[in-house]
Amino acid sequence: MGDNTSTAQATTALERFERFLTYRLHLFNKLTDKASSDAYMNELGLPVGAARCLAAIGSFAPLSVKDLAIYANLNKAQASRATQALLERGYVFKEGNQQDARGVVITLTPSGQAIWLQIMQIVERRNKEIFGCLTEKERQQLGTLLDKLIKANHLASEQDP
């Protein structure tokens, strides 16, 4: 009888754990990131970090490596390595920053621009695949809720020492 009680308690604990929003957001992120990562690699031969960097550069250029890290949601070292890989592929230019002699600015080359357009098509398609099960009203609600959560947590992280 003890085994049934402990099994029931474990099942209840697991069910509670699986209801935590943080757990579900993490699971959702892993599920969607894997499919997106596969799409970038299979269709463009790019790892997801490089694709995110190209998407950010194409959308917000010129960017410093620091700004690229922010827009691509990477740390500065990851953004720097991705920039170097994109330079080697001929997708980006890296030039000295006229406002900061120690820094650089990154922009797309013509071939980078062409890849950026393909990336944006994948992003649009992936968004339709991921959120296609929601109505337009639900997508708007989700967007509003995510904006609120991001803002609240961004402000909280700025206040941490």
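Remember, it's a predicted structure, so these values are computed and weren't measured experimentally. (Residues numbered from 1 in each chain as written. Predicted model: local features only at pLDDT ≥ 70, side-chain atom pairs only at ≥ 80, totals over all residues. Heavy atoms only, no water.)

### Some remarks on the layout of surface pockets
In this model, the largest pocket occupies a volume close to 1600 Å³. Lining the largest pocket we find 34 residues, and of these Phe-28, Asn-29, Thr-32, Phe-131 and Leu-146 sit closest to its centre. Of all the secondary structure elements, the ones that give two or more residues to the lining of the largest pocket are α2 (21-44), α3 (48-60), α4 (65-72), α6 (110-131) and α7 (136-159). Sorting elements by how many residues they give to the lining of the largest pocket places α2 first, with 12 residues. For the lining of the largest pocket, the class distribution of residues is 22 nonpolar, 8 polar and 4 charged. (1 Å grid on protein atoms, 1.4 Å probe; cavity = no way out; pocket = protein on both sides within 12 Å on 5 of 7 lines; lining within 4 Å. Points joined across faces, edges and corners; volume = space filled by probe spheres on them. Helix = DSSP H or I, 4+ residues; strand = E, 2+ residues; numbered from the N terminus. Nonpolar A, V, L, I, M, F, W, Y, C, P; charged D, E, K, R; others polar.)

### What about unusual backbone geometry?
Generally, phi is negative for residues other than glycine and the peptide bonds are trans, each holding for most cases. Residues Ala-61 and Pro-62 are joined by a peptide bond in cis, for which omega reads 0°. Its place among the elements puts Pro-62 in the loop between α3 and α4. In this model, Asn-73 sits at a positive phi of 60°, which is unusual for a non-glycine residue. When you line up the elements, Asn-73 lands in the loop between α4 and α5 (76-88). Overall, the relative accessible area of 69% leaves Asn-73 in the exposed class. (Buried < 20%, exposed > 50% of the residue type's maximum accessible area, 1.4 Å probe, protein only.)

### What to know about the pattern of salt bridges
Inspection of every chain in the model, using the stated rule, returns 7 salt bridges. A salt bridge links Arg-126 to Glu-129, with the nearest nitrogen and oxygen atoms 2.6 Å apart. Placement of both Arg-126 and Glu-129 in helix α6 is noted, with a separation of 3 residues, approximately one turn of the helix. As a salt-bridge pair, Arg-139 and Glu-136 come within 2.9 Å of each other at their nearest N and O atoms. Here the residue Arg-139 and the residue Glu-136 both occupy positions in helix α7, the gap between them amounting to 3 residues, near one helical turn. Given a relative accessible area of 33%, Arg-139 falls into the partly exposed group. One continuous salt-bridge network, built from bridges that share partners, spans Glu-43, Arg-125, Arg-126 and Glu-129. (Salt bridge = Lys/Arg side-chain N within 4 Å of Asp/Glu carboxyl O.)

### Things to note about the packing of aromatic side chains
On inspection of all chains with the given rule, the structure shows 2 aromatic pairs. Seen from their ring centres, Phe-28 and Phe-131 are 6.2 Å apart, and the 55° between their planes marks the pair as tilted. Residue Phe-28 is found in helix α2, and its partner Phe-131 is found in helix α6; the two are separated by 103 residues along the sequence. (Phe/Tyr/Trp six-rings, centres within 6.5 Å; stacked < 30°, edge-to-face > 60°.)

### Some points on the confidence of the model for the protein
On average, residues of the protein score 87 in pLDDT, and 85% of them reach the 70 mark or higher. Within the protein, the element-level pLDDT minimum falls on helix α1 (residues 2-19), averaging 68, and the maximum on α6, averaging 96. (pLDDT = per-residue confidence, 0-100.)

### Some points on the nonpolar core
The biggest cluster of nonpolar side chains holds 29 residues, and the ones touching the most others in it are Leu-46, Leu-54, Ile-57, Leu-68, Leu-86, Val-92 and Ile-119. Every element with two or more residues in this core is listed here: α2, α3, α4, α5, β2 (104-108) and α6. Take this core: its biggest share by element is 8 residues, from α3. Those residues within four positions of Ile-57 in sequence are excluded, and the remaining contacts are Leu-63, Leu-68, Leu-86, Val-92, Ile-106, Thr-107 and Leu-108. (Core = buried A, V, L, I, M, F, W, Y, C linked by side-chain atoms within 4.5 Å. Contact = heavy atoms within 4.5 Å.)

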